[in-house]
Structures are given as C-alpha cells and as structure tokens.
Amino acid sequence: MNIVLQGVTVTNWSKDPLLKLNTTQRRKLDNVIVTSRRMTADSLKLLRDYRSKRVVKSVDAQMAKDYFGSGEYVKEALDKYFGITKASPTFDADLDAIIAKLATTDGGLQAPFAIVVGNIHDGDDIRDGIRDAFHEVAQGQFSAAIASLKFIRTGTEGWVHGGHALKRIHLNVNSLDSESDGKVARIIVHEATHKFAGTVDVAYKWDNLKHNAGGHANLINNADSYAWACRLMWKRKRNLPSGS
C-alpha cells in the first residue's frame, strides 16, 4: 500500500504486508490528517495570543483582554495537562518552551510527512493482555478475557520508530475503526511531537497526569501533555462536543 492523503504518504507496516485501507478508512484518515493540523494550528495560535496578552496586560489590562480574549482555554490546558499555573515562578519560561515545541510540531505536520498504518502491538500489550485474560478465565469472566486478548492488537495506539532514520509515525489501524476523528488526530499529534520536537513519554493521561497529580517532572517535554492539551484547546475553540 502506498497512497497519498493531504500530502501525507501512507504505507502499510512491514509486519502487515497485505493490509489495505478500505474506502471508509481512507476517508477517515484523510480527515484525521486535516484535523491534526487544525488541532496544532488552533492551539499554537491560542498559546501565542495568550503570550501576547500577558505582555500587553503589563501595560493595559483592558486592551489585552479586548485584543486577545480571556485566555481561559490556554490556562485550562496548561493546568490540566502540564500542571502549571500563573502562580508558578517559571510560568513564562515554561510557556515559551511549550510554544517553541508546538511550533516545531505544527511546522512538521503542515509539511509532507509519512504515516505507517498497521495492526500494532508491543511486548507490554502482549504480556498484559495474556496475563489479564488468564486471570479473567479463572474467574469465569470469559467476555472480559476476550476483551483482554483484543487489547494485544489495540493497546498501542501509535509510535515513532526512533531508531529509523525517517522516524516515521506509526498508527494502529484499529483506531481508525473505533475512535472519533478528534481522538485519532490526538494520537497523530502525540507521535508528531516525538518525531518533530523530540518529546518523550514521561507520563500518559492515565498516569495521574491531570493537574499533575502524579508529581511528574519535565512535563514540558511530555508527548501526551501536548496531545491532550491541543485536543482540549481545539475542542474549546471550535465548541465541539466531548466525544470529538
């Protein structure tokens, strides 16, 4: 498989040589690519406007609000997924660093790049899925065991091959079938921050990321912080429902 959608080259994973995207999946991925670009572009504008607002506010608070709005979406996203608020002594430096990384990511997404699509699973998915399935069978929970085995194929949403010169974005084809466009676009943004901005996986959303309840360090370099913050700002800016 070798197709081009929105300037993005889409190929199948080498471990899925026979995989082909059907018409519905192609249409979905086409829209996901557009959405991921809107997500980073919208978020970057909101962040930059908020940075300008803070500068102008020091001179004229009313002018800052009139020109740049309240900045509520940015404050919500920064607090919720980076664990930083205006009370932080390093707030402005942190905000500048986040803007810089997102600008690099957005630049990469707006240009042509490559996505590899396949049925992805990694060692953790296999181990956890089999372990949970055996436990659930022993408890007589057969439907749960089937779900755990399915997790082996669906657990990893995407990844970037850091050891490959192209550092291509890999996307789990199951996400195209089971997730909304906005949620799949969030996966693309996560992986794009790895590829273009050099982020790492400090913590995922389920690792007590909300308001940094887990006390994680260096969330400014955390891929999932950017992915979820961008999705939140994009949804708020476009007034989209929670399932988007």
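## Quick look at the overall build of the protein chain
Logical step 1: Along the protein chain, the regular secondary structure elements total 9 helices and 5 strands.
Logical step 2: Element order for the protein chain, N to C, with α for helix and β for strand: β-β-α-α-α-α-β-α-α-β-β-α-α-α.
Logical step 3: On C-alpha atoms alone, the protein chain measures out to a radius of gyration of 20 Å, which is about the 18 Å that the 2.2 N^0.38 rule sets for 244 residues.
Logical step 4: Principal-axis analysis of the C-alpha atoms gives the protein chain an extent of 65 × 45 × 35 Å.
Logical step 5: Here the protein chain holds 244 residues, and 45% of them are scored as buried.
Logical step 6: Accessible surface for the protein chain amounts to roughly 12100 Å². Of this, 53% is attributable to carbon and sulfur atoms.

## Describing the environment of lysine 28
Logical step 1: Residue placement: lysine 28 occurs in helix H1 (residues 23-57).
Logical step 2: When the C-alpha atoms of lysine 28 and lysine 86 are compared, they prove to be 38 Å apart, with 58 residues separating the residues in sequence.
Logical step 3: In this view, lysine 28 contacts Ser175, Leu176, Glu179, Ser180 and Asp181; residues no more than four positions away in its chain are not counted.
Logical step 4: In terms of polar contacts, lysine 28 uses its side chain to reach the backbone carbonyl oxygen of glutamate 179, at 2.6 Å.

## Some words on the sheet that holds strand S1 (residues 2-5)
Strand pairing in a sheet is mediated by backbone hydrogen bonds. Such pairs are either parallel or antiparallel.
Logical step 1: With mixed pairing, 5 strands are arranged side by side in an open sheet as S1-S2-S3-S5-S4. Each end of this open sheet is capped by a strand with a single partner; those strands are S1 and strand S4 (158-160). Adjacent strand axes in the sheet meet at a mean angle of 25° when their direction is disregarded.
Logical step 2: Sheet analysis places S1 next to strand S2 (residues 8-12), joined by 4 bridges and oriented antiparallel.

## Things to note about the confidence of the model for the protein chain
Logical step 1: Chain-level statistics for the protein chain give a pLDDT mean of 91 and a share of 95% at 70 or above.
Logical step 2: Element-level pLDDT for the protein chain is lowest in helix H6 (residues 142-154), with a mean of 73, against a maximum mean of 98 in helix H4 (residues 91-110).

## With respect to the packing of helix H3 (residues 72-82) against helix H9 (residues 223-238)
Logical step 1: Running from N to C, H3 and H9 cross one another at 155°; their axes reach a closest spacing of 9 Å. Judged on the interaxial angle alone, H9 and H3 are roughly antiparallel. In this structure, H3 crosses over H9, and the sense of that crossing is right-handed. Between H3 and H9, the contacting residues are Tyr73, Val74, Glu76, Ala77, Lys80, Tyr81 and Phe82 on the first element and Ser225, Tyr226, Trp228, Ala229, Leu232, Met233, Arg236 and Lys237 on the second.

## A short note on the packing of aromatic side chains
Logical step 1: Counted by the stated rule, this structure contains 7 aromatic pairs.
Logical step 2: Note on tryptophan 13 and tryptophan 159: the rings are 6.1 Å apart at their centroids and 75° apart in plane angle, and the pair reads as edge-to-face. With tryptophan 13 in the loop between S2 and H1 and tryptophan 159 in strand S4, the pair connects residues that are 146 residues apart, well separated along the chain.
Logical step 3: Residue tryptophan 13 is classed as buried on the basis of its relative accessible area of 10%.

Rules and cut-offs
- Residues numbered from 1 in each chain as written.
- Predicted model: local features only at pLDDT ≥ 70, side-chain atom pairs only at ≥ 80, totals over all residues.
- Heavy atoms only, no water.
- Helix = DSSP H or I, 4+ residues; strand = E, 2+ residues; numbered from the N terminus.
- Rg over C-alpha atoms; globule rule 2.2 N^0.38 Å.
- Buried < 20%, exposed > 50% of the residue type's maximum accessible area, 1.4 Å probe, protein only.
- Areas by Shrake-Rupley, 256 points an atom, 1.4 Å probe, with all protein chains shown as cover.
- Contact = heavy atoms within 4.5 Å.
- Polar contact = N/O pair within 3.5 Å; in protein donor to acceptor, adjacent residues only side chain to side chain.
- Pairing = 2+ DSSP bridges.
- Axes fitted to C-alpha atoms, helices over the stretch in contact; angles between N-to-C directions.
- pLDDT = per-residue confidence, 0-100.
- Parallel < 35°, antiparallel > 145°, perpendicular 65-115°, else oblique.
- Left-handed = near helix turned anticlockwise from the far one by under 90°.
- Phe/Tyr/Trp six-rings, centres within 6.5 Å; stacked < 30°, edge-to-face > 60°.

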